[in-house]
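Secondary and tertiary structure notes
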Amino acid sequence: MQEIKTIGVLTSGGDAPGMNAAIRAVVRTGIYYGLKVMGIRKGYNGLISGDIVEMNLRSVSDMLHRGGTILHTARSAEFKTEAGMKKAVTMSKVFGIDGIVVIGGDGSFRGARDLSELGIPTVALPGTIDNDIACSEYTIGFDTALNTVKDAIDKIRDTATSHQRCSVIEVMGKNAGYIAVNVGIANGAEAIIIPEKEFNFNNDVLKPIIEGKHRGKKHDIVILAEGVGGAVELAQRIQDETGIESRATILGHIQRGGSPTVMDRVIASQMGAKAVQLLKDNIGNRVIAMKDNKIVNYDIVEALEMTKTVDEEILELAKILSL
Ligand code: ATP
């Protein structure tokens, strides 16, 4: 592999709070090690079209606290084609980019793997609010999203209590229930419904609501992961079967925004710096991840083959605590 002197950085897929902290870490660590750092805008689309600018120390000032991504992001259908991929490789050469840091979800990781296979060393950082990247215990943006959802549910609880209602709240997470499970515990949900676990309406929803009412509960919170969906229908069904007034709230994109938490800023900074340290040592084709609260790295292909699942114990705990 030729020596890496110029690196590019891009954000891809869904945006996540903390991506800016990761970009900042890549730019500043890169410059610290004497590398030239290029910002690639709008994900893989910008790599294909050459929407690329050189970054300096001040390009990343005053953005640690901002949600979203200053480099913008995109889902690029063209990049998935052979022609698009070739254009991306050519454009990397035109701009003298020898290595790329990709910040995104597992789709973006697949793109990074393909770029590595075509001779552009890449290092991928897990950036998604969903925490659904198998190789990593943590993804940048997860903590901020959890706190946003927690605040929203606290507010919904105030009105649910006043009216003695049941609130069905649909949270994001794509095909994973990590957001749902964590806020289910943090907000004291009566039921948590996630894609990873089959649910039975009578046992898992009706029973806790009816039994809770007999124990003196004044309101109910049901957390529904978007991977299961159907909040409006579920609320209607609860109302029809129990007679308890029920409302659905779909939190939507509010969960993606906002100023990143300390945890997201720190982890994003550590991960961004680690990615640059690998590239400056001419090591590519890696994914940065968190294992046992430490920053580690894996081969991209191996990382994409890993699996992880929601902890059964925490689901059990949520049930016990909702008594
Ligand atoms: P999020 O988890 O937030 O949705 P993501 O990175 O998984 O983020 P995707 O839309 O799946 O989001 O992927 C982002 C981009 O990565 C795609 O638009 C595409 O350009 C590229 N990509 C996705 N899958 C592949 C693949 N199999 N091969 C090459 N590139 C891919």
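Our subject is the structure that appears above.
Below you will find a few notes about this structure.

What counts and what doesn't
- Residues numbered from 1 in each chain as written.
- Predicted model: local features only at pLDDT ≥ 70, side-chain atom pairs only at ≥ 80, totals over all residues.
- Heavy atoms only, no water.
- Near = heavy atom within 4 Å.
- Polar contact = N/O pair within 3.5 Å; in protein donor to acceptor, adjacent residues only side chain to side chain.
- Areas by Shrake-Rupley, 256 points an atom, 1.4 Å probe, with all protein chains shown as cover.
- Helix = DSSP H or I, 4+ residues; strand = E, 2+ residues; numbered from the N terminus.
- Pairing = 2+ DSSP bridges.
- Axes fitted to C-alpha atoms, helices over the stretch in contact; angles between N-to-C directions.
- Contact = heavy atoms within 4.5 Å.
- Buried < 20%, exposed > 50% of the residue type's maximum accessible area, 1.4 Å probe, protein only.
- Right-handed = clockwise from strand over helix to strand, strands pointing away.

Focus: the site of the ligand
The ligand sits among 17 residues. The nearest are Arg75, Ser76, Gly105, Ser108 and Lys174. At 2.7 Å from an oxygen atom of the ligand is found a side-chain nitrogen or oxygen belonging to arginine 75. Between the ligand and serine 108, the relevant distance is 2.5 Å, taken from an oxygen atom to a side-chain nitrogen or oxygen of the residue. Expressed as a share of its isolated accessible area of 620 Å², the protein-covered part of the ligand is 85%. Ranked by residue count, the leading element in the shell around the ligand is helix α4 (residues 106-117), at six residues.

Description of the sheet that holds strand β6 (residues 166-171)
Strand order in this open sheet of four strands is β7-β8-β6-β9, and the pairing throughout is parallel. Each edge of the open sheet carries a strand with a single partner, namely β7 (191-193) and β9 (246-250). Geometrically, the sheet is characterised by an average inter-axis angle of 15° between neighbouring strands, direction not taken into account. The pairing of β6 with strand β8 (residues 220-225) spans six bridges and is parallel. Its bridge partner being in β8, cysteine 166 is matched across the sheet by aspartate 220. With respect to the sheet, helix α8 (residues 231-242) is in contact with β6, β7, β8 and β9, its orientation differing from that of β9 by roughly 170°.

Brief notes about the pairing of strand β4 (residues 99-104)
Here β4 lies mainly inside the structure; six of its six residues are buried. The alternating pattern of β4 places Gly99, Val101 and Ile103 on one face and Ile100, Val102 and Gly104 on the opposite face, and all of these are buried. For strand β1 (residues 6-11) and β4, the ladder comprises five bridges, and the chain directions are parallel. Paired with isoleucine 7 across the two strands is glycine 99, which belongs to β4. This β-α-β element, β4 to α4 to strand β5 (residues 122-126), shows right-handed connectivity.

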